[in-house]
Amino acid sequence: MRTRQPATEQYNPLAVFIEGLSTLFYGMLVTWRNFWRPKVTVRYPYQRKPMPPRYRGLFYLKWNEEKQRLNCVGCTLCAQACPTDVISMVKLGKGTNAGVSEFTMDLGRCLFCNLCVEACPFDAIYMGPAYELASERRDAALFRIADLAQGGEEAVRTNIETVQRLMAEEEKARPAAGGHAG
Amino acid sequence: MSMPVSPEKQSTLSTVDILSQGMVINVGPQHPSTHGVLRLILTLDGEQILHCEPVIGYLHRGLEKMMERRPYRHNVPFTDRLDYLAALSNNLGICQCIERLGGVEVPERAQYIRVLLMELQRIASHLVFLGTFGTDLGATTMFLYAFRERELVLDLLEECTGARLTYNWIRVGGVPDDLPEGFGEKVLGFVKTFRQRLEEYDQLLTRNRIFRSRTQGIGILPKELALAYGTSGPVIRASGMAYDVRKAAPYEVYDRVEFDVPVHEQGDVWARYLVRMEEMRQSIRIIEQVLRDIPDGPVQTKLPKVFKPPAGIAYSRIESPRGELSFMMVSDGSPNPLRVHIRAPSFVNLSVLPSLLEGTKVADLVAILGSIDVVLGEIDR
Amino acid sequence: MIEVVVQFFRDYPLLWTFVKAVVLASFTLLIPLAVIWVERKVAGFIQSRLGPLHVGPQGTFQTVADALKLLLKEDIVPSGADKRFFYIAPYIAFISTVLSFMVLPFAPGWVALEMNVAVLFVIGVSLFNVVSILMAGWSSNNKYSLLGGLRAVAQLLSYEIPMVLSVLAVVFYTGSLSLTGIVEYQVKHGWLIWQPPIMIAALIYFICALAEINRTPFDLPEAESELVSGFNTEYSGMRFAFFFASEFANNFFITAFAAALFFGGWDGPILPPIVWTFLKVFVMIFVFMWVRWTPPRLRIDQILRFAWQFLVPVSLVNLLFAIVLGVR
């Protein structure tokens, strides 16, 4: 498929020159207008855009102030919904009041696809507005429960205490019920 | 993907071989204007291209095989990485295919939202084309103007979907969430600005004599060849075929909105550029109609936790910004698909490149390649 | 005190020449820093960006920082390169620019070398630039560089001719080959740009100047989307800096040359002459940049056709008019 070069057509250099020059000036009007327009640059490290509420950034585990624990019960539904096996967790206790003692996300392979958030029936995991996740170290992509939980280290400790207390209470209630049946 | 050399071409090649060997030059895989990791092995005689052999596969991730090892709905986020400039189109493609396989109905509002997102995505994708095409031809300023406006679209999409590039906002059976508060007004505001900016692009680039002399009559793709290769999208519409999946096999609510399919007869780089510019205007029309007509209602159909479509085969096609994007899935009744195939429009469109390039100048290479508008993520899969 | 210095240099003219050479060379190295900063700012503003911001006030020292970076970079010579030519090519480009600055009058008496054939001298030494680009392209052992070098030579030689012809129109008008003489003529008789044949000559000069300093729409030698970076693809570090500096110094020179030829050089009211020279130069540099960031680039055959089929005949006819109207 040879490309037909326009050389065969009538070439009037003067007409082309005048057209070229006039359209060039016509285009230069646009660049002139834009020269004086407000600039769109966001001076990033000094200036940040607000993130929209739906922004899918770094995950967080929701802290329930009323119950003094994380909402997560360790049901692994999110882990099952994940296409790339990002999530792993250690369940603490059992039953409806169970919790997690360990919740690790390997964000190095995360697609930020929101499927885990949608899968969660307990409002436990959400994606927040934090977006500066890049690191020079590979292990920095590994986010443990203290990095993810709202409230950090202290929240995790309180969470474990609360869940253990709840488990103990259930444990106390159960033998009585079991004894009654027996 | 090397083309069988026809006898006449062979004769030109051998004539040159006697005179000179022809200079073999590697364009890519790292080159500013191959739009990714495409490699072209060019044989040159001075500035003239005698032969072109595209080499692809530098971005191969085995997506089709990966999809066979995962449940249906886990595959949707992977399609973001196919045509990364139009991730929502890919999402829609695979979701439609799964919906057909499982016989899932999509609520009407969700269909409207899908069309709205699709057209915003088309504008964003065509703006990338416009910008990169401009910078390929040396109009660097066009690049930044186009990306400035693309940023506005991305802001809108970010507000709706929560991501800027890999949206993953189409689900089997609808969309995950309704449009955010006041989204319609923001889109209309953008449309208003964008209309003016389109005029500005015309003034800056379309009417520029230099731009026209760089694009008109270059890389002519005749209708027959375009059909023979199975090209689609703006490439075939610029060659005089009024083929648009949105019209030919309407999906979602495309049969309820009014829009024209821009067609140009010349089949050159200029025509492909014009088709895309016109498509952005048509997308604006569709967006306005969708925002006018969108009904209230649910946006997602409830599906079982473990989604097992009945055994069978499903094929779906949509009009992605680059052309006809199709997904084919085979189900054996298990939670995972038995086989997935993706017909990527860029892959098919790229296959005409060697025949377009022969006999052109090196400088036209970037114009022609840019006008085909390929995305390597989709070609290599 | 000053008399002593003047007398000292009068006694040792060779030393005086040496001082002038050093001043000129450093000027040629330093002026690009300013021009590049202006270029970046103008490009940024045209493209809705802010341009350099962080190094110094409004990013003024960004180019200084970049120059230092280039100084510290590893000097890479591609294997298989023709080393001798590869080494000297950037310096030839640089020297050709320094040589052209030698005869440029900045203000009355502010000229390194008063030469009565300054115009011819400038045309002569600016051709060295072509040689250096060809050397760089050919010796790099890179096919992109080779293509860029060949394109550059074809383009620069084609545009040299109409450029020289348009400059000749000025020469016929003023009857002088000396730049100082031309400017002095304009101080006496008014700027030449208002004479109709010179107006056309100035337009042709402007177009050719765009081609000579490789600006869009004529930036083929380094068309980055096709040829990666053209003839200087393989250059890095200081050698690249020399190419870069000579290109931007050339940009400065070609506008200063135009100012002297068409816009009356240092001529202007109130402000001192040197300020007028720089004012005219920077206004013209701004226009060059404004043009640069607007249109796409032409193709090599279109560029050559434009030069040979349009610019050369028009400038010849224009030269004829200039002779008829100008020679008294």
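Residues numbered from 1 in each chain as written. Chains lettered and ligands numbered in written order. Predicted model: local features only at pLDDT ≥ 70, side-chain atom pairs only at ≥ 80, totals over all residues. Heavy atoms only, no water.

(A) Structural view of the overall build of chain A. Helix and strand counts for chain A come out as 5 helices and 7 strands. Secondary structure elements of chain A occur, N-terminal to C-terminal, as α-β-β-β-α-β-β-α-β-β-α-α. Taking all 182 residues of chain A together, 38% fall into the buried category. In chain A, 71% of the contacts between residues at least 6 apart in sequence involve partners at least 24 apart. Of the roughly 11000 Å² that chain A leaves accessible, carbon and sulfur atoms contribute 56%. (Helix = DSSP H or I, 4+ residues; strand = E, 2+ residues; numbered from the N terminus. Buried < 20%, exposed > 50% of the residue type's maximum accessible area, 1.4 Å probe, protein only. Contact = heavy atoms within 4.5 Å. Areas by Shrake-Rupley, 256 points an atom, 1.4 Å probe, with all protein chains shown as cover.)

(B) Structural context of the interface of chain B and chain A. The partner chain A presents 35 residues to the 49 residues of chain B that form the contact. For the pair chain B and chain A, the two sides together bury roughly 3600 Å², of which 49% comes from carbon and sulfur. Broken down residue by residue, the surface that chain B buries against chain A is led by His74, Gln203 and Arg209 of chain B, which jointly contribute 18%. Joining chain B to chain A, the criterion identifies 23 residue pairs in polar contact (both at pLDDT 80 or more). The greatest single-element share of the side of chain B that touches chain A, amounting to 9 residues, is contributed by helix H6 (residues 140-161) of chain B. Looking at the side of chain B that touches chain A, its residues break down into 16 nonpolar, 14 polar and 19 charged. (Buried area = accessible area lost by both parts, 1.4 Å probe. Polar contact = N/O pair within 3.5 Å; in protein donor to acceptor, adjacent residues only side chain to side chain. Nonpolar A, V, L, I, M, F, W, Y, C, P; charged D, E, K, R; others polar.)

(C) Broad picture of the pairing of strand S4 (residues 87-92) of chain A. In this structure, S4 of chain A lies alongside strand S5 (residues 99-106) of chain A, joined through 6 bridges in antiparallel fashion. Looking at S5 of chain A, one finds that Lys91 of chain A is bridged to Val100 of chain A. (Pairing = 2+ DSSP bridges.)

(D) View of the interface of chain C and chain B. At the interface, 25 residues of chain C touch 35 residues of chain B. Buried area between chain C and chain B, summed over both chains or domains, comes out near 2500 Å², and the portion from carbon and sulfur atoms is 60%. On inspection of chain C and its partner chain B, the count reaches 1 salt bridge. A salt bridge links Arg299 of chain C to Asp364 of chain B, with the shortest nitrogen-to-oxygen separation between them at 3.0 Å. Counting the contacts that link chain C with chain B gives 11 residue pairs in polar contact (both at pLDDT 80 or more). Of all the secondary structure elements, the ones that give two or more residues to the side of chain C that touches chain B are helix H6 (143-174), helix H9 (224-227) and helix H12 (300-326) of chain C. The element best represented in the side of chain C that touches chain B is H6 of chain C, accounting for 5 residues. Of the residues in the side of chain C that touches chain B, the class split is 11 nonpolar, 6 polar and 8 charged. (Salt bridge = Lys/Arg side-chain N within 4 Å of Asp/Glu carboxyl O.)

(E) The arrangement of the packing of helix H1 (residues 13-36) of chain A against helix H11 (residues 273-292) of chain C in detail. Contact pair H1 of chain A / H11 of chain C: the axes reach a minimum separation of 9 Å and the direction vectors enclose 105°. By the angle between their directions, the pair H1 of chain A and H11 of chain C is classed as roughly perpendicular. Within the contact between the two elements, H1 of chain A uses Leu24, Met28, Thr31, Trp32 and Phe35 of chain A and H11 of chain C uses Phe286, Trp290 and Val291 of chain C. (Axes fitted to C-alpha atoms, helices over the stretch in contact; angles between N-to-C directions. Parallel < 35°, antiparallel > 145°, perpendicular 65-115°, else oblique.)

(F) Highlighting the nonpolar core. By size, the foremost hydrophobic cluster in this structure holds 206 residues, and its most contacted members are Leu42, Leu130 and Tyr273 of chain B together with Tyr159, Tyr205 and Phe262 of chain C. Counting residues per element, this core draws most heavily on helix H5 (residues 108-136) of chain B, which supplies 14 residues. Excluding residues that lie within four positions of it along the chain, Tyr159 of chain C makes contacts with Ile207, Cys208, Ala211, Glu212, Phe218, Ile303, Phe306, Ala307 and Leu311 of chain C. Of all hydrophobic cores here, the second largest spans 30 residues; its members include Leu70, Ile87, Val117 and Cys120 of chain A. (Core = buried A, V, L, I, M, F, W, Y, C linked by side-chain atoms within 4.5 Å.)

(G) Inspection of helix H5 (residues 118-139) of chain C at higher detail. Its 22 residues place the ends of H5 of chain C 32 Å apart at the C-alpha level, agreeing with the 32 Å of an ideal helix rising 1.5 Å per residue. Residue Asn141 of chain C follows H5 of chain C closely and has a positive phi angle near 60°. (Expected span 1.5 Å × (residues − 1).)

(H) How the structure looks around the environment of Ile198 of chain C. Residues and elements named next belong to chain C. Within the secondary structure layout, Ile198 lies in helix H8 (residues 196-212). With 67 residues separating them along the chain, Ile198 and Gly265 place their C-alpha atoms 15 Å apart. When sequence neighbours within four positions are dropped, the list of residues in contact with Ile198 reads Ala169, Val170, Tyr173, Leu192, Ile193 and Phe262.

(I) Up close: the packing of aromatic side chains. In the structure shown here, the tally under the stated rule is 49 aromatic pairs over all chains. With 5.6 Å between their ring centres and 45° between their planes, Phe35 of chain A and Phe45 of chain C make a pair best called tilted. Here Phe35 of chain A, found in helix H1, pairs with Phe45 of chain C, found in helix H2 (residues 13-46), and the two come from separate chains. Overall, the relative accessible area of 13% leaves Phe35 of chain A in the buried class. By relative accessible area, which is 25% here, Phe45 of chain C ends up partly exposed. In this structure an aromatic cluster arises from ring pairing among Phe27, Phe101, Phe106, Tyr205, Phe252, Phe253, Phe257, Phe262, Phe278 and Phe282 of chain C. Above the plane of the ring of Phe347 of chain B lies Arg381 of chain B, whose end atom (NZ or CZ) is 5.9 Å from the centre. Between the NZ or CZ atom of Arg84 of chain C and the centre of the ring of Phe85 of chain C, over which it lies, the distance is 6.0 Å. (Phe/Tyr/Trp six-rings, centres within 6.5 Å; stacked < 30°, edge-to-face > 60°. Lys NZ or Arg CZ within 6 Å of the ring centre and 35° of its normal.)

(J) How the structure looks around the sheet that holds strand S1 (residues 23-27) of chain B. Sheet architecture is open: 3 strands sit in the order S1-S2-S3 (chain B), paired in antiparallel fashion. Looking at strand neighbours, the two that pair on one side only are S1 and strand S3 (48-55) of chain B, the edges of this open sheet. Sheet twist, expressed as the mean angle between neighbouring strand axes with direction ignored, is 20°. Bridging between strand S2 (residues 39-45) of chain B and S3 of chain B involves 7 bridges; their strand directions are antiparallel. By the bridge assignment, Leu44 of chain B is partnered in S3 of chain B with Ile49 of chain B. Set on the sheet, helix H15 (residues 362-372) of chain B makes contact with S1, S2 and S3 of chain B; between it and S2 of chain B the angle comes to about 150°. Sheet strands touched by H6 of chain C: S1 and S2 of chain B. Its angle to S1 of chain B, the strand with the most contacts, is close to 110°.

(K) Highlighting the confidence of the model for chain A. Residues and elements named next belong to chain A. Per-residue pLDDT for chain A has a mean of 81; in total, 90% of the residues score no lower than 70. When pLDDT is averaged over each element of chain A, strand S6 (residues 125-127) comes out on top at 88 and helix H5 (residues 152-181) at the bottom at 75. Below a pLDDT of 50 lies the segment residues 1-8, which in the model reaches 23 contacts outside its immediate sequence neighbourhood of four places, other chains included. (pLDDT = per-residue confidence, 0-100.)

(L) Seen up close, a nonpolar patch on the surface. Taken together, Val55, Phe61, Val64, Leu68, Leu71 and Leu72 of chain C make up a surface patch of nonpolar side chains, about 570 Å² in accessible area. Its place among the elements puts Leu71 of chain C in helix H3 (residues 62-72). (Patch = residues over 30% accessible without salt bridge, like charges linked within 9 Å, V, L, I, M, F, W, Y side chains within 5 Å.)

(M) Expanded view of the confidence of the model for chain C. The predicted model of chain C has a mean per-residue pLDDT of 84, with 98% of residues at 70 or higher. If you check the scores for this complex, the pTM reads 0.86 and the ipTM reads 0.83.

(N) Structural view of the environment of Ala260 of chain C. Mapped onto the secondary structure, Ala260 of chain C falls in helix H10 (residues 237-262). Taking C-alpha positions, Ala260 of chain C is 9.5 Å from Lys280 of chain C, a pair spaced 20 residues apart along the chain.

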